[in-house]
Every structure is written in C-alpha cells, then in structure tokens.
Amino acid sequence: MKSAFEQGVIDRFGVLTAAPIPPENEIDEALKDPAFDVFIIMADNIPAGSTIIKCENNKKYSLELLFIFKAFLNKKIGSAAWQVIEANYPDAQMWETHTPYFERRNIHFYLHKCCFKIVEFFSEHHREEHDLTDEFKDVNSSGFFRFEKIMQK
C-alpha cells in the first residue's frame with residue numbers, strides 16, 4: 001500500500017519523504033476500527049490494490065484511500081473497483097475523498113472515471129480541522145483537493 005502512494009511522491013518530486021505515506025497509524029486505525037471497511041482489489045487472483053472506506057453516517061461515506069499497484073495501472077482496474085464499491089453501498093447518498101494537488105492521475109480518475117466533483121481546495125491559506133497537508137509536509141506545498149459525489153437515486 002505504501003509503495004503505491006510513495007510512488008506518486010517520487011514521480012512528482014524525485015525523492016521520498018522520511019514519513020511513511022499514508023501514515024502507519026492511520027492504516028492501523030482503519031484495520032482495527034469497525035467503522036472502516038478494508039478491501040483487497042484482485043485481478044486474475046492477484047492482489048492489484050486496496051481500498052479503505054469509512055461510513056461517516058448512514059448515508060455519507062468517505063473513500064479514505066484507493067490504490068492500484070503500478071504493475072496494474074492503465075488496465076481499468078480502478079474504474080472497475082469503483083463500480084463494485086458503488087454497487088456494494090447502494091444506500092450511499094454522498095461520497096467524499098481527498099487527493100494531493102500534485103497527484104494528477106488521481107484527480108483525473110476521480111473527476112472523469114468516478115464522476116466526483118472538486119468542492120474544496122486546502123492549502124497553507126485554507127486548512128481544515130484535520131490538516132491533510134501534514135501527511136505530505138516535506139514535499140507538498142501545493143495543497144489538497146476535497147471531492148464529493150452526490151448519488152442520484
């Protein structure tokens with residue numbers, strides 16, 4: 001999991017920060033907390049990625065992370081995984097996720113493949129309660145996008 005996220009930082013900045021991405025304590029929390037659903041994404045019986053989903057309330061869900069290993073990119077696995085996720089949460093009225101500004105691949109995926117909309121941009125001038133930019137503080141001076149997807153019923 002970490003290698004998939006760290007690759008984006010390396011691709012953009014050429015170096016990796018000292019801090020693990022995502023932070024290990026966040027991964028551990030998700031694995032232990034019943035509010036989180038953790039799934040392995042399989043392709044031909046081989047792990048191709050993973051996703052962590054959090055139920056914020058009965059109708060709002062947060063896509064905490066979704067990643068596909070580099071060897072499986074450009075094979076529509078992420079899009080197929082998102083379709084399965086939506087089908088498995090038919091009660092969802094809204095989805096939310098975040099991604100760093102420098103992750104153009106992710107931005108394209110969420111906007112054009114999953115039909116999310118950008119609803120907020122966090123930067124040094126606009127921060128939220130849980131400062132997402134701290135995860136990338138060594139390399140990220142550009143901020144994060146917050147995405148939402150309102151489900152049509």
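Residues numbered from 1 in each chain as written. Predicted model: local features only at pLDDT ≥ 70, side-chain atom pairs only at ≥ 80, totals over all residues. Heavy atoms only, no water.

Novice: I'm lost on the confidence of the model for the protein in this one. Help?
Specialist: As a note on interpretation, predicted positions should not be read in detail where pLDDT is low. On average, residues of the protein score 82 in pLDDT, and 73% of them reach the 70 mark or higher. Of all the helices and strands in the protein, helix H1 (residues 2-13) carries the lowest mean pLDDT, 62, while helix H3 (residues 77-88) carries the highest, 96. Across residues 135-140 the pLDDT falls below 50, and counting only partners more than four positions away or on other chains, this stretch makes 16 contacts in the model. (pLDDT = per-residue confidence, 0-100. Helix = DSSP H or I, 4+ residues; strand = E, 2+ residues; numbered from the N terminus. Contact = heavy atoms within 4.5 Å.)

Novice: Looking at this structure, I do not really get the environment of Phe72. What am I missing?
Specialist: Mapped onto the elements, Phe72 comes out in the loop between strand S3 (60-68) and H3. As for Phe72 and Gly49, which are separated by 23 residues in sequence, their C-alpha atoms are 8.3 Å apart. Beyond its immediate stretch of four places on either side in the chain, Phe72 contacts Ala43, Ile46, Pro47, Ala48 and Ile77.

Novice: Can you walk me through the pattern of salt bridges in this structure?
Specialist: Pairs can form between side chains of opposite charge once their charged atoms are near each other. Summed over all chains, the structure comprises four salt bridges. Residue Glu86 is joined to Lys149 by a salt bridge in which the shortest nitrogen-to-oxygen separation is 2.4 Å. Here Glu86 is found in helix H3, whereas its partner Lys149 is found in strand S6 (residues 144-150), with 63 residues between them in sequence. Salt-bridge contacts for Arg146 lead to Glu120; the nearest nitrogen and oxygen are separated by 2.9 Å. Taken together, the positions of Arg146 in strand S6 and Glu120 in strand S5 (residues 117-122) put the pair 26 residues apart, joining distant regions of the chain. A residue is classified by how much of its surface remains accessible, and Glu120, at 24% relative accessible area, is partly exposed. Ionic contacts of the salt-bridge type, sharing partners, join the residues Glu96, Glu120, Arg146 and Glu148 into one network. (Salt bridge = Lys/Arg side-chain N within 4 Å of Asp/Glu carboxyl O. Buried < 20%, exposed > 50% of the residue type's maximum accessible area, 1.4 Å probe, protein only.)

Novice: Help me understand unusual backbone geometry, please; the structure alone is not making it clear to me.
Specialist: What is expected of a backbone is that most residues other than glycine have negative phi and most peptide bonds are trans. Here Asn45, not a glycine, exhibits a phi torsion of approximately 65 degrees, which is positive. With respect to the helices, strands and loops of the structure, Asn45 is situated in the loop between strand S1 (36-43) and strand S2 (46-55). Despite not being glycine, Cys115 has its phi angle at roughly 65 degrees, a positive value. Note that Cys115 resides in the loop between helix H4 (104-113) and S5.

Novice: For this particular structure, what's the right way to read the nonpolar core?
Specialist: Membership of the largest hydrophobic core comes to 24 residues, with the highest contact counts inside it found for Trp82, Trp95 and Tyr110. Those elements that place two or more of their residues in this core are S1, S2, S3, H3, H4 and S6. Among the nonpolar cores identified, the runner-up in size contains five residues, and Ala30, Phe36, Ile52 and Leu65 belong to it. (Core = buried A, V, L, I, M, F, W, Y, C linked by side-chain atoms within 4.5 Å.)

Novice: How should I be thinking about H3 in this particular structure?
Specialist: Think of an α-helix as turning once every 3.6 residues; residues three or four places apart then point the same way. For H3, with 12 residues, the first-to-last C-alpha span of 16 Å sits near the 16 Å given by 1.5 Å per residue. Buried residues along H3 sit against S1, S2, S3, strand S4 (94-100), H4 and S6. (Expected span 1.5 Å × (residues − 1).)

Novice: Explain the packing of aromatic side chains here, please?
Specialist: The relative placement of two aromatic rings is captured by the distance of their centres and the angle of their planes. Throughout the structure, instances matching the rule amount to 14 aromatic pairs. Chaining the aromatic ring pairs together yields one cluster made of Tyr61, Trp82, Tyr89, Trp95, Tyr101, Phe109, Tyr110, Phe116, Phe121, Phe145 and Phe147. (Phe/Tyr/Trp six-rings, centres within 6.5 Å; stacked < 30°, edge-to-face > 60°.)

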